[in-house]
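# Coordinate inspection notes
Given next are the chains, with one letter for each unit.
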Amino acid sequence: MAHTTIKVEGAVRDRLAALAAEKGTSIAQLVSDFAAHTPTESERAERTARTLAVLREMSGYTPDPGQDQAADAELARRLGDVA
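Here goes a summary of the coordinates provided. Every chain is numbered on its own, with residues counted from 1 as its sequence reads. Only residues with pLDDT of at least 70 are given local features in this predicted model, and only at 80 or more are side-chain atom pairs given and counted; all residues enter the totals for whole chains, interfaces and linings. Side-chain metrics in this entry use all non-hydrogen atoms of the structure; hydrogen atoms and water are not considered.

## Some points on the overall build of the protein chain
As a reminder of what qualifies: Strands are runs of DSSP state E lasting at least 2 residues, helices are runs of H or I lasting at least 4, and numbering of each runs from the N terminus. Relative accessible area decides the class of each residue, using a 1.4 Å probe on protein chains only: under 20% of the type maximum gives buried, over 50% gives exposed, and in between gives partly exposed. The protein chains shown are the only cover counted for residues, whose accessible areas, like all others here, come from Shrake-Rupley with a 1.4 Å probe. The convention is simple: Lys and Arg are positive, Asp and Glu are negative, and His and the chain ends are not counted. Each charge is placed at NZ for Lys, CZ for Arg, CG for Asp and CD for Glu.
Each helix and strand counted, the protein chain has four helices and zero strands in total. Seen in sequence order, the protein chain has helices and strands lined up from the N terminus as α-α-α-α. The dimensions of the protein chain, computed from C-alpha atoms along their principal axes, are 50 × 35 × 20 Å. Each of the 83 residues in the protein chain was classed as buried or not, and the buried ones make up 5%. For the protein chain, the computed accessible surface area is about 7,300 Å², with 58% contributed by carbon and sulfur atoms. Each charge sign in the protein chain was given a centre, from 10 positive and 13 negative side chains, and these centres are 5 Å apart.

Pasting the structure below:
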């Protein structure tokens with residue numbers, strides 16, 4: 001496997017090093033794991049579409065845009081309460 005260098009500010013490198021040390025791994029593995037497990041926008045959209053298809057199939061649930069916006073707002077509110 002070919003390796004490459006990624007340029008980041010020193011503070012970012014230090015943070016990555018601290019995170020990697022806490023996990024007992026390297027910065028390279030930390031970045032690799034992040035890239036492997038973080039979905040792209042298109043992957044998230046595909047997952048959402050599949051989830052909605054299953055909901056429709058199993059329960060007949062078909063949210064309208066207003067319901068989607070309300071659910072997003074409620075989730076954001078709840079996440080804000082936790083943070």
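## Examining the pattern of salt bridges
Pairing between side chains of opposite charge can happen when the charged atoms of each approach one another. As a reminder, the rule being used: Only one rule defines a salt bridge in this text: a Lys or Arg side-chain nitrogen within 4 Å of an Asp or Glu carboxyl oxygen.
Scanning the entire structure with this criterion turns up five salt bridges. One continuous salt-bridge network, built from bridges that share partners, spans Glu 74, Arg 77 and Arg 78.

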